[in-house]
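If you want the building blocks of each chain, they are given just below.
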Amino acid sequence: MAQPPERASSRPARSRFMTQQSFGGHRAVTIRHLTAHVGEEVLVQGWLYNMRSKGKLHFLQVRDGTGIVQAVVFRGNVPDEEFEAAGRLTQESSLRVVGTVKADERSPGGVELQVSKLDVVHVAEPYPITPKEHGVGFLMQHRHLWLRSRKPAAILRIRDTVIRAIREFFHRREFACVDSPMFTPSACEGTTTLFKVDYFGDEAYLTQSGQLYGEASAMALGKIYVFGPTFRAEKSKTRRHLTEFWMVEPEAAFYDLEDVMDLGEDFVSTIVGAVLAERRDDLEILERDIAKLEPAAQKPYPRITYDQAVEILHADGHADFPYGEDFGAPHETAIGARFDRPVLVYNWPAAIKAFYMKRDPDNPAIALGVDMIASEGYGELVGGAQREDDLAALEERIAEHQLPREAFEWFLDLRRFGSVPHGGFGLGLERTLAWITGVEHLRQCIPFPRMLDKIYP
RNA sequence: UCCCCGAUAGCUCAGUCGGUAGAGCGGCUGACUGUUAAUCAGUAGGUCCGAAGUUCGAGUCUUCGUCGGGGAGCCA
């Protein structure tokens, strides 16, 4: 491995452990910030994305994870052996270059680097992902390398922004982050298939939701959110499913359904606003139609009841939709298409909703639940509800759903000791990202997706 | 669990009626001082997913299997 020839240090004993953030006296600058250093000689460190050579001239497209810059190597501007070394670089070879930042319209990106020094760190073996077309199966087998490509990297940066916006949103509204366990003794809702693990000889499951623990935490801290991975062993094989995905689940004491809906629209519009403010360049890399996203950064979001949603379906090509059933993918698409931003659908038939949802006091057939449906066919982003806070009613629900009562005793305790109205929702991180970035498949929105029969790399 | 589609060079694919295995890109060699997924010339590269069958002859037809892609249901 090549070492920098000189390092500014008066303590040489530490030098081999020291930073590599300078070279030849020049400070490292990330490509994203090069435009602020026009005229300066700086160090750029990264990987070779592509190269074009023209005689005594090499055009190196260098990427460093923050952007791509063209580094121009003229024979004569660098020692001959460095020029020859540049000519032998292969795609994804790692390198450090020192050069002067120049504004140049001929260069992709507006600025380029006139290279005065080139240090080849590692010459890569022939790289499997070429700058040409590849199939999804091939790219998924090489996910660990695919992450280096422009679009996957843009999605990961947006994911980072969304995660930070989520934590900041709740921090500013004084919701405390409370982590729920990954191992659980039983199903939360008892419906979907869970991953079973051996827990010192006992059966345990990987969590499918942190909500019930979130309710307990909200009784302790008032306003909380759970943010972590979630596991579903459903044999779902579609672009809208992962077996491991991230979910954020706020829960708040003294919140009713309307408070939950207020929080939900505030939350999603804030996240979209953060991405529009910070990651516009990445949305452009992804060729996202920003005009279709911008309304979602504005409150309020439309709110309709389940009954009104069914009316939309009946008027809009789904005349045979039976009242009382849950919406399938095409139904959600049809409802979402009616609005320019996500729509909140509330007051659902209780029969198709989870046991923990509170019933409408005026109509026991209605559950005080809400789904947020994205525009453009991305489906359900949020599912939430006001929770059942009455002990007797919740005991009745558990019996109706034939759930193992003993597993829920602790949950029932929350209704025995100072029960209060409360509510919350869950938001699927990857589904939200797929909608924001406009990508078609959830697997592109998580670094290393876990899917049915797919766990490599 | 069910339905549909596919598997040929490193990658993306073509391969006619069953008759000698093809292209583009990538790799390698060389040329070029402004390339924009550079261009030009040359060159190497094949267990046609596996097994069995039909046939004088199978990448091509039949059966079974494996792997992959898409969708339904279920869900976020």
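Scoring rules and cut-offs
- Residues numbered from 1 in each chain as written.
- Chains lettered and ligands numbered in written order.
- Predicted model: local features only at pLDDT ≥ 70, side-chain atom pairs only at ≥ 80, totals over all residues.
- Heavy atoms only, no water.
- Helix = DSSP H or I, 4+ residues; strand = E, 2+ residues; numbered from the N terminus.
- Areas by Shrake-Rupley, 256 points an atom, 1.4 Å probe, with all protein chains shown as cover.
- Lys, Arg positive; Asp, Glu negative; His and termini not counted.
- Charge placed at Lys NZ, Arg CZ, Asp CG, Glu CD.
- Near = heavy atom within 4 Å.
- Polar contact = N/O pair within 3.5 Å; in protein donor to acceptor, adjacent residues only side chain to side chain.
- Nonpolar A, V, L, I, M, F, W, Y, C, P; charged D, E, K, R; others polar.
- Patch = residues over 30% accessible without salt bridge, like charges linked within 9 Å, V, L, I, M, F, W, Y side chains within 5 Å.
- Salt bridge = Lys/Arg side-chain N within 4 Å of Asp/Glu carboxyl O.
- Contact = heavy atoms within 4.5 Å.
- Buried < 20%, exposed > 50% of the residue type's maximum accessible area, 1.4 Å probe, protein only.
- Arc of directions from axis to C-beta.
- Axes fitted to C-alpha atoms, helices over the stretch in contact; angles between N-to-C directions.
- Parallel < 35°, antiparallel > 145°, perpendicular 65-115°, else oblique.
- Left-handed = near helix turned anticlockwise from the far one by under 90°.
- Pairing = 2+ DSSP bridges.

Draft legend 1. Just the overall build of chain A, in detail. Each helix and strand in chain A was counted, giving 13 helices and 19 strands. Accessible surface, chain A as shown: approximately 21900 Å² in total, 51% of it carbon and sulfur. Between the centroid of the 54 positive side chains of chain A and the centroid of its 66 negative side chains there is a distance of 9 Å.

Draft legend 2. Highlighting the protein's contact with RNA strand B. The environment of RNA strand B is formed by 44 residues, the closest being Arg52, Pro131, Arg239, Arg431 and Arg443. Each atom of RNA strand B within 4 Å of the protein was classed as base or backbone; sugar and phosphate made up 44%. At 3.4 Å from a sugar or linking oxygen of RNA strand B is found a main-chain nitrogen or oxygen belonging to Leu381. A distance of 2.4 Å is found between a phosphate oxygen of RNA strand B and a side-chain nitrogen or oxygen belonging to Arg443. Listing elements by their share of the surface near RNA strand B, those giving two or more residues are strand S3 (41–53), strand S4 (57–63), strand S5 (68–74), strand S7 (111–122), strand S13 (244–253) and strand S18 (380–386). Here the surface near RNA strand B takes three residues from S3, the largest share from any one element. Each residue belonging to the surface near RNA strand B can be placed in one class, and the counts come to twelve nonpolar, 13 polar and 19 charged.

Draft legend 3. The arrangement of a nonpolar patch on the surface in detail. A contiguous nonpolar surface patch, about 390 Å² in accessible area, is contributed by Phe183, Tyr199 and Phe200. Mapped onto the elements, Tyr199 comes out in strand S10 (residues 196–199).

Draft legend 4. Broad picture of the environment of His142. Looking at the secondary structure, you find His142 in the loop between helix H2 (136–141) and helix H3 (143–146). Apart from the residues within four sequence positions on either side, His142 is in contact with Pro128 and Ile129. Within the local environment of His142, its side chain forms a polar contact with the backbone oxygen of Phe138, the two atoms lying 2.9 Å apart.

Draft legend 5. Quick peek at the pattern of salt bridges. For the structure shown, the criterion picks out 35 salt bridges. Here Arg280 ties to Glu294 by a salt bridge, and the two come within 3.7 Å at their closest N and O atoms. Taken together, the positions of Arg280 in helix H7 (residues 280–285) and Glu294 in the loop between helix H8 (290–293) and strand S14 (303–305) put the pair 14 residues apart, joining distant regions of the chain. Residues joined in a network through salt bridges with shared partners are Lys358, Arg359, Glu388, Asp389, Glu396, Arg397 and Glu400.

Draft legend 6. Seen up close, helix H1 (residues 80–87). Residues Glu82, Phe83, Ala85 and Ala86 constitute the buried set of H1. Here the buried residues of H1 occupy an arc of 160 degrees about the axis, which is enough to place them on one side. For H1, the secondary structure elements touched by its buried residues are S3, S4, S5 and S7.

Draft legend 7. Highlighting the packing of helix H4 (residues 150–172) against helix H6 (residues 257–278). For the pair H4 and H6, the least separation of the axes is 9 Å and the interaxial angle reads 135 degrees. Overall, the two elements H4 and H6 adopt an arrangement that is oblique. You can see that H4 and H6 cross each other, and the crossing is right-handed. Taken together, the residues of H6 that come into contact with H4 (itself represented by Ile158, Thr161, Val162, Arg164, Ala165, Ile166, Phe169 and Phe170) are Leu263, Asp266, Phe267, Thr270, Ile271, Ala274, Val275 and Glu278. Tallied by class, the residues present in the contact of H4 with H6 amount to eleven nonpolar, two polar and three charged.

Draft legend 8. Inspection of the side chain of Ser93 at higher detail. Residue placement: Ser93 occurs in the loop between H1 and strand S6 (94–103). Note on Ser93: relative accessible area 0%, which makes it buried. Those residues in contact with Ser93 that lie beyond four places of it in its chain are Gly46, Trp47, Leu48, His122, Val123 and Ala124.

Draft legend 9. Molecular detail of the side chain of Gln211. Position of Gln211 relative to the elements: it lies in helix H5 (residues 211–221). Setting aside chain neighbours within four positions, we find Gln211 in contact with Glu249, Glu251, Tyr356 and Arg387.

Draft legend 10. Geometry of the pairing of S13. The buried fraction of S13 amounts to eight of the ten residues, a majority that puts the element mostly inside the structure. One ladder, built from nine bridges, connects strand S12 (residues 223–231) with S13; its direction is antiparallel. Bridge assignment links Thr230 to a residue of S13, and that residue is Phe245. Across five bridges, the pairing between S13 and strand S19 (residues 422–428) is antiparallel. Considered in S19, the bridge of Ala253 is made with His422.

Draft legend 11. Spatial organisation of the sheet that holds S5. Taking strand neighbours around the barrel as the criterion, the five strands line up as S3-S4-S5-S7-S6 in a closed arrangement whose pairing is mixed. Between one strand axis and the next, the sheet turns by 55 degrees as a mean value, whatever way the strands run. Inspection of the sheet shows S3 paired to S4 by six bridges, in the antiparallel sense. Looking at the pairing, Arg52 lines up with Phe59 of S4. Together, S3, S4, S5 and S7 form the strand contacts of H1, whose direction differs from that of S7 by roughly 85 degrees.

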